[in-house]
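# Notes for the structure review
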Amino acid sequence: MSLRPLSRARHAVLAAAALLACGAAQAAEKAFIIPPPALDAPATAAPEKAVIAGGCFWGVQAVFQHVKGVTSAVSGYAGGQASTADYDTVSGGRSGHAESVEITYDPKLVSYGQLLQIYFSVAHDPTQLNRQGPDSGTQYRSTVFPANDEQRKVAEAYIAQLNQSGVYPKALATTVEPLKGFYPAEGYHQDYLVRHPYSMYIMVNDVPKVENLAKTFPARYRDKPVLVNP
């Protein structure tokens, strides 16, 4: 049995109790309403990949599994070496990895910049440094891992644009780091929200992200998620 799901569940119980005590059970997650990127990558005929990190990969994966034009969203690790790309090591916070999601998408249907808009709006809170919700540590950092120079330019320009927009209460903590490699996570991490919809951690921290996607980006939302293991 994984130790981390138990830890997340304990945190979620405390978080849920606190929210209910305040009469604000729906306040676990909120969407930032942000402008689209002024600079975006052009559409190409071939599928593209994007790697991002924004806290626990369960929720980030779930969000992008519901985005039209996304053909795959895989939970995994990025930022460190292949030799340390396993759950136990990454959870120690010293591997250099961040819990990440590799998104494969059709750029004719959804652009790289549009994926980043969803990422910065509903997938996580980009103002939090090395944490998201109840999870803390560098493995939960907000990071974009560009696959090429064009993605890097789009990401850096968008971060600067959003910092100047006044939408967020403070500057974004998101870093842009070179993509050394992406390493898929263990099988029990894949499609976690779909397989454990009534987990307290999932209900408090991640289901609201998907709900916010549907409300904030209705034209980009699809009800049936694309799964790693259909």
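Every value quoted in this text rests on a predicted model; they were computed, and no experiment measured them. (Residues numbered from 1 in each chain as written. Predicted model: local features only at pLDDT ≥ 70, side-chain atom pairs only at ≥ 80, totals over all residues. Heavy atoms only, no water.)

### A word on the overall build of the chain
Secondary structure summary: the chain contains seven helices and eight strands in total. Here the chain, with 230 residues, has 50% of them falling under the buried criterion. Look at the contacts in the chain between residues 6 or more apart in sequence, and 81% of them connect residues 24 or more apart. Accessible surface, the chain as shown: approximately 10,300 Å² in total, 59% of it carbon and sulfur. (Helix = DSSP H or I, 4+ residues; strand = E, 2+ residues; numbered from the N terminus. Buried < 20%, exposed > 50% of the residue type's maximum accessible area, 1.4 Å probe, protein only. Contact = heavy atoms within 4.5 Å. Areas by Shrake-Rupley, 256 points an atom, 1.4 Å probe, with all protein chains shown as cover.)

### A word on helix 7 (residues 200-216)
Quick reminder: α-helices carry 3.6 residues per turn. Residues three or four places apart thus point the same way. The end-to-end C-alpha distance of helix 7, which contains 17 residues, comes to 24 Å, matching closely the 24 Å that a straight helix rising 1.5 Å per residue would cover. Within helix 7, burial applies to Tyr201, Ile202, Val204, Asn205, Asp206, Pro208, Lys209, Val210, Asn212 and Leu213. (Expected span 1.5 Å × (residues − 1).)

### As for the nonpolar core
Counting residues in hydrophobic clusters, the biggest one holds 49 residues, and the most contacted among them are Phe64, Ile103, Tyr112, Leu115, Leu116 and Phe120. Broken down by element, the residue count for this core peaks at eight residues, all from helix 4 (residues 112-123). Formed by seven residues, the second largest nonpolar core is a distinct cluster that contains Val51, Ala53, Ala78 and Phe145. (Core = buried A, V, L, I, M, F, W, Y, C linked by side-chain atoms within 4.5 Å.)

### Looking at the pairing of strand 1 (residues 48-54)
Most of strand 1 is tucked away: five of the seven residues are buried. Inspection of the sheet shows strand 1 paired to strand 3 (residues 98-105) by six bridges, in the antiparallel sense. Residue Ala53 lies in a different strand from strand 3, and its bridge partner there is Ser100. Note: strand 1 against strand 6 (residues 142-145), four bridges, orientation antiparallel. In the sheet register, Gly54 faces strand 6, and the bridge partner there is Ser142. (Pairing = 2+ DSSP bridges.)

### So, the pattern of salt bridges
A complete count under the given rule lists six salt bridges for this structure. A salt bridge links Lys49 to Glu102, with the nearest nitrogen and oxygen atoms 3.9 Å apart. One end of the pair, Lys49, is in strand 1; the other, Glu102, is in strand 3, and 53 residues separate them in sequence. The partly exposed category is assigned to Lys49, whose relative accessible area is 41%. Glu102 sits in the buried class, given a relative accessible area of 19%. For Arg152, the salt bridge is made with Glu156, and the minimal N-O distance between the two is 2.8 Å. With Arg152 and Glu156 both in helix 5 (residues 149-165), this residue pair falls four residues apart, about one helical turn. On the accessibility criterion, Arg152 (30% relative accessible area) is partly exposed. For Glu156, a relative accessible area of 37% gives the class partly exposed. Salt bridges sharing common partners tie together Asp149, Arg152, Lys153 and Glu156. (Salt bridge = Lys/Arg side-chain N within 4 Å of Asp/Glu carboxyl O.)

### Here's the deal with the UniProt feature "active site" (unreviewed entry) in the chain
Taking the UniProt record as the reference, the feature "active site" (unreviewed entry) is found at Cys56. Secondary-structure assignment places Cys56 in the loop between strand 1 and helix 2 (57-65). (UniProt positions renumbered as here; feature names shortened; annotations may be inferred.)

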